[in-house]
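Chain and residue survey
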Amino acid sequence: MLPLKGKALLSVAISVCFSGFLITASATVDVKILAVNDFHGQITIGQKVSNRPVGGAAVLASYLQAAQVGWGKKCNLVEVGDLVGASQPECALLQDEPAIMIMNYLNGKMPVIGTLGNHELDEGTSELTRLLKGGNHVNGPFLQNPWRGATFPVINANITDSASAMPVLYPFTIRYVPGNNVPIAFIGIVLKETPNMVSAKSVAGLRFSDEVKTINFYVSMLRDVMGIHAFVVLLHQGGNQPPYIGWTDTLKPGPSSDIVNLVSQFDDDVDVVCTAHSHSFTNAIVKNKNGHPMLVTQSNAKGTAFAEMILTVDEVTRDIVAKKAQIITTYGDAGPGLTPDLVVAAIVDTCVQRVLPLTARVVGTTKAAIVAAQNTAGESPLGDLIADAQRAAMGTDFCMMNPGGIRADLASGTITWGELYTIQPFSNYLVKISLTGQMVYDVLNQQWAGQPYVKMLEISGLSYTWDNNLPVGSKVVDVRKNRVSIDKSATYTVTVNNFLSTGGDNFIAFKNGTNPVTGPIDLDALVSFIKTLPQPIDYSISGRAIRLN
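Residues numbered from 1 in each chain as written. Predicted model: local features only at pLDDT ≥ 70, side-chain atom pairs only at ≥ 80, totals over all residues. Heavy atoms only, no water.

All told, the structure shown has 3 cavities of 30 Å³ or more when counted by the stated rule. By volume, the largest cavity is sized at about 70 Å³. Around the largest cavity, the lining residues are Glu79, Leu83, Val84, Ile100, Thr115, Leu116, Glu120, Leu128, Leu131, Leu132, Phe152 and Val154. Residues that form the lining of the largest cavity fall into these classes: 9 nonpolar, 1 polar and 2 charged. Reported here for the second largest cavity is a volume of approximately 50 Å³. Forming the boundary of the second largest cavity are Phe39, Ala57, Leu60, Ala61, Leu83, Ile102, Met103 and Leu106. Of all the secondary-structure elements, those providing two or more residues to the lining of the second largest cavity are helix H2 (57–68) and helix H4 (97–107). Looking at the lining of the second largest cavity, its residues break down into 8 nonpolar, no polar and no charged. (1 Å grid on protein atoms, 1.4 Å probe; cavity = no way out; pocket = protein on both sides within 12 Å on 5 of 7 lines; lining within 4 Å. Points joined across faces, edges and corners; volume = space filled by probe spheres on them. Nonpolar A, V, L, I, M, F, W, Y, C, P; charged D, E, K, R; others polar. Helix = DSSP H or I, 4+ residues; strand = E, 2+ residues; numbered from the N terminus.)

What follows is the structure, given as structure tokens:
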């Protein structure tokens, strides 16, 4: 059942925020949309693409303002979710307020529209409301006193209150074109699997509706009630596509089937779909099931790129009749990257200095980089290190860790606390539970079963063999402890984090664990473990996961 009807629907339609593109009337007019996604509070410099510096908030802001030149209020900036959450410490330790402040600053330069990603809900709706609406955090104030919240609209249509069935945010916003009076509606949507990606308590009392049904509902409603035919969907879900340079090219290989299958079900009046979540590249025309073409974009992540779209609006049909995009990398050694925005740079420098006593603390050293990338069997050197640290902290037989909780590689050389925070930014606490051997098999088989894509757990204290030719649910053929097959009827102690212990990432077998004992924060366990190791530390894959076929 969709969330709004009757008076409630009319109330939202009347309450929607209106603002405009300041242009003169003509048969058609071009407007520009800039899009960023999955910024994750990456405010500082230090990232590289093709061994060239990219990103950082001040560089990104300079690029966006350069792209606006000559367009004025005809240029809007959209932010497609995960602006905050899983952030670097310079932003996260200040409750991600710096990311909002930077977007507020850009909103003073060009109209901004935001939507929610899954990470906006990491700390629950109360903290999200505070971050958007204002008010000091219990550990604040940080850079503003009092914290004033977001100055730009943040929209979402498919998260509703379970009790009232009302949206938790405005579902859409509309931008009018003065002079020809053409409205363009923006609808915000987060992936419906969000409850599997954050802790259960963070989404308690919320309902996540199907993306397609929700989008089509609001498109139909806005078309019927307000005569709108131009729609831009801000969809925090995405696919993958081989990257290329330049404007939308229909001859290039298109995006992956997962995102195509989703957007192909959208209403014919949807013109543009700005996607996110997969931290990838997308610039394609995707046709829906009726053959209607939609422009679909995504610009990687963490401010390393943005999408620039030009849309042609017809004042008679009130529709977008042409559209194209290019994905622009925010190189720091060329173009606008040579003159980072001074206001944003000052905000970033203040953040860096505020947390420096903690982030600069040296924990250890590495012999070489320890990477998070998994091999074809599902094992990674950094995953091994983190799982070993968690098992040591809890003194259990085994440890299992979700790979999505590892957000960066560990570079070679000096290890700082800030670097480890960037790798594990969620502050999950560890939990010791008891599982039977059969339950261990069940958990490992859930790496394939019920997942939108394969999710291979990082492990410690056990090894296992799996056969890629066996059916989902039965791929694991042998699990061993100290090279001896485990007894399916015996009981073993297992360390997990609180996210997994409540069935996060669809690992529901963990919910059957018994005798839970709470331990330290995962980051503290990693810091303590690294200090105990011979320096410089060196980790490599040790054959914990073995793949057949």
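Past the structure itself, the notes keep going.
Right, let's talk about the packing of aromatic side chains for a bit. Tallying each qualifying case throughout the model produces 8 aromatic pairs. Ring geometry for Trp448 and Trp466: centres 4.9 Å apart, planes at 50 degrees, overall tilted. Here Trp448 is found in the loop between helix H11 (437–445) and strand E22 (458–460), whereas its partner Trp466 is found in strand E23 (residues 463–467), with 18 residues between them in sequence. On the accessibility criterion, Trp448 (10% relative accessible area) is buried. Note on Trp466: relative accessible area 3%, which makes it buried. One Lys or Arg, Arg52, reaches over the ring of Tyr331 and ends 3.6 Å from the middle of that ring. Sitting over the ring of Tyr453, Lys455 keeps its end group 5.2 Å from the ring centre. (Phe/Tyr/Trp six-rings, centres within 6.5 Å; stacked < 30°, edge-to-face > 60°. Buried < 20%, exposed > 50% of the residue type's maximum accessible area, 1.4 Å probe, protein only. Lys NZ or Arg CZ within 6 Å of the ring centre and 35° of its normal.)

Right, let's get into a nonpolar patch on the surface. On the surface, Val477, Ile546 and Leu548 cluster together to form a nonpolar patch covering roughly 220 Å² of accessible area. With respect to the secondary-structure elements, Val477 resides in strand E24 (residues 476–481). (Patch = residues over 30% accessible without salt bridge, like charges linked within 9 Å, V, L, I, M, F, W, Y side chains within 5 Å. Areas by Shrake-Rupley, 256 points an atom, 1.4 Å probe, with all protein chains shown as cover. Salt bridge = Lys/Arg side-chain N within 4 Å of Asp/Glu carboxyl O.)

In this model, the chain carries an average pLDDT of 94, and 95% of its residues clear a pLDDT of 70 or more. Ignoring residues within four places in sequence, the model shows residues 1–25, a span with pLDDT below 50, making 58 contacts including any to other chains. (pLDDT = per-residue confidence, 0-100. Contact = heavy atoms within 4.5 Å.)

As a further point, take the pattern of salt bridges. Two side chains of opposite charge can pair, provided their charged atoms sit close to one another. Enumeration according to the criterion identifies 12 salt bridges in this entry. Between Asp210 and Lys192 there is a salt bridge whose closest N-O contact spans 3.2 Å. One end of the pair, Asp210, is in the loop between strand E11 (206–208) and helix H6 (211–226); the other, Lys192, is in the loop between strand E10 (182–190) and E11, with 18 residues separating them in the sequence. Taking the shortest distance from any N to any O, the salt bridge between Asp267 and Arg223 comes out at 2.9 Å. Remark: Arg223 occurs in helix H6 and Asp267 occurs in the loop between helix H7 (257–263) and strand E13 (270–275); sequence separation between them is 44 residues.

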